[in-house]
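# Remarks on the overall topology
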Amino acid sequence: MTTVLLVIHLLIALALVGVVLLQRSEGGGLGIGGGGGGGGMGGFMTGRGTANLLTRTTAILAASFMATSLLLTILAGGGQQRATSIIDQLPSSMPTLPQSSGTAPQPEGTAGTMTDETPPARPSVPVQ
């Protein structure tokens, strides 16, 4: 079902691009069906008739494109309950860190170094 809908969606997208390129722009562009009897369509449709047809076709294709987009989005969800946050995906029993006594542990072999109680030494810079 999803594959069929995706193929239809892609065909609608290609048709929409084609219809938009066929429309007459302010500067002429790639538009068809201009002017008089000898122009583009051989006088089959007037400029106004072509513009109305292309405008309607564009609107229908755009609505179809939006509808297939929504259907593909709904089908991609599959009715599953998805997590809304990465925190929801964490296991409920996470390991905790050991409680400390308020001071950071000292690495081994640092006896005699400065602790929180020892004031820092002042630099010996002469004052002038």
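Refer to the structure printed above.
Summary of the structure given here.

Rules used throughout
Residues numbered from 1 in each chain as written. Predicted model: local features only at pLDDT ≥ 70, side-chain atom pairs only at ≥ 80, totals over all residues. Heavy atoms only, no water. Helix = DSSP H or I, 4+ residues; strand = E, 2+ residues; numbered from the N terminus. Buried < 20%, exposed > 50% of the residue type's maximum accessible area, 1.4 Å probe, protein only. Contact = heavy atoms within 4.5 Å. Core = buried A, V, L, I, M, F, W, Y, C linked by side-chain atoms within 4.5 Å. Polar contact = N/O pair within 3.5 Å; in protein donor to acceptor, adjacent residues only side chain to side chain. Patch = residues over 30% accessible without salt bridge, like charges linked within 9 Å, V, L, I, M, F, W, Y side chains within 5 Å. Areas by Shrake-Rupley, 256 points an atom, 1.4 Å probe, with all protein chains shown as cover. Salt bridge = Lys/Arg side-chain N within 4 Å of Asp/Glu carboxyl O. Expected span 1.5 Å × (residues − 1). Arc of directions from axis to C-beta.

## Digging into the overall build of the protein chain
Scanning the protein chain from terminus to terminus reveals two helices and zero strands. Burial analysis of the protein chain (128 residues in total) assigns 10% to the buried set. For the protein chain, the share of sequence-separated contacts (at least 6 apart) that also reach a separation of at least 24 residues comes to 55%.

## Here we look at the nonpolar core
Ile 12, Leu 16, Val 19, Leu 54 and Leu 61 form the largest nonpolar core, which has five residues in total. Within the residue set of this core, elements represented by two or more residues are helix 1 (2-22) and helix 2 (47-77). The element contributing the most residues to this core is helix 1, with three residues. Discounting residues that sit within four places of it in the chain, Val 19 has contacts with Leu 54, Thr 57, Thr 58 and Leu 61.

## Points about the side chain of Thr 68
As for its position among the elements, Thr 68 is in helix 2. At 2.6 Å, the side chain of Thr 68 and the side chain of His 9 are in polar contact. Contacts of Thr 68, omitting those with residues within four sequence positions, involve Leu 5, Ile 8, His 9 and Ile 12.

## Here's the deal with the side chain of His 9
The residue His 9 is located in helix 1 in this model. You can call His 9 buried: its relative accessible area is 11%. Leave out the neighbours within four places in its chain, and His 9 touches Phe 65, Thr 68, Ser 69 and Leu 72.

## Things to note about a nonpolar patch on the surface
Taken together, Val 7, Leu 11 and Leu 14 make up a surface patch of nonpolar side chains, about 310 Å² in accessible area. Secondary-structure assignment places Leu 11 in helix 1. On the basis of relative accessible area, Leu 11 is assigned to the exposed category, the value being 54%.

## A few points about helix 1
Look at helix 1: 30 Å from first C-alpha to last across 21 residues, which is about the 30 Å you get at 1.5 Å a residue. By the burial criterion, the buried members of helix 1 are Leu 5, His 9, Ile 12, Leu 16 and Val 19. What you see down the axis of helix 1 is that its buried residues fit within an arc of 95°, all on one side. Of the residues in helix 1, the exposed ones pointing more than 90 degrees away from the buried face are Thr 3, Leu 11, Leu 14 and Val 17.

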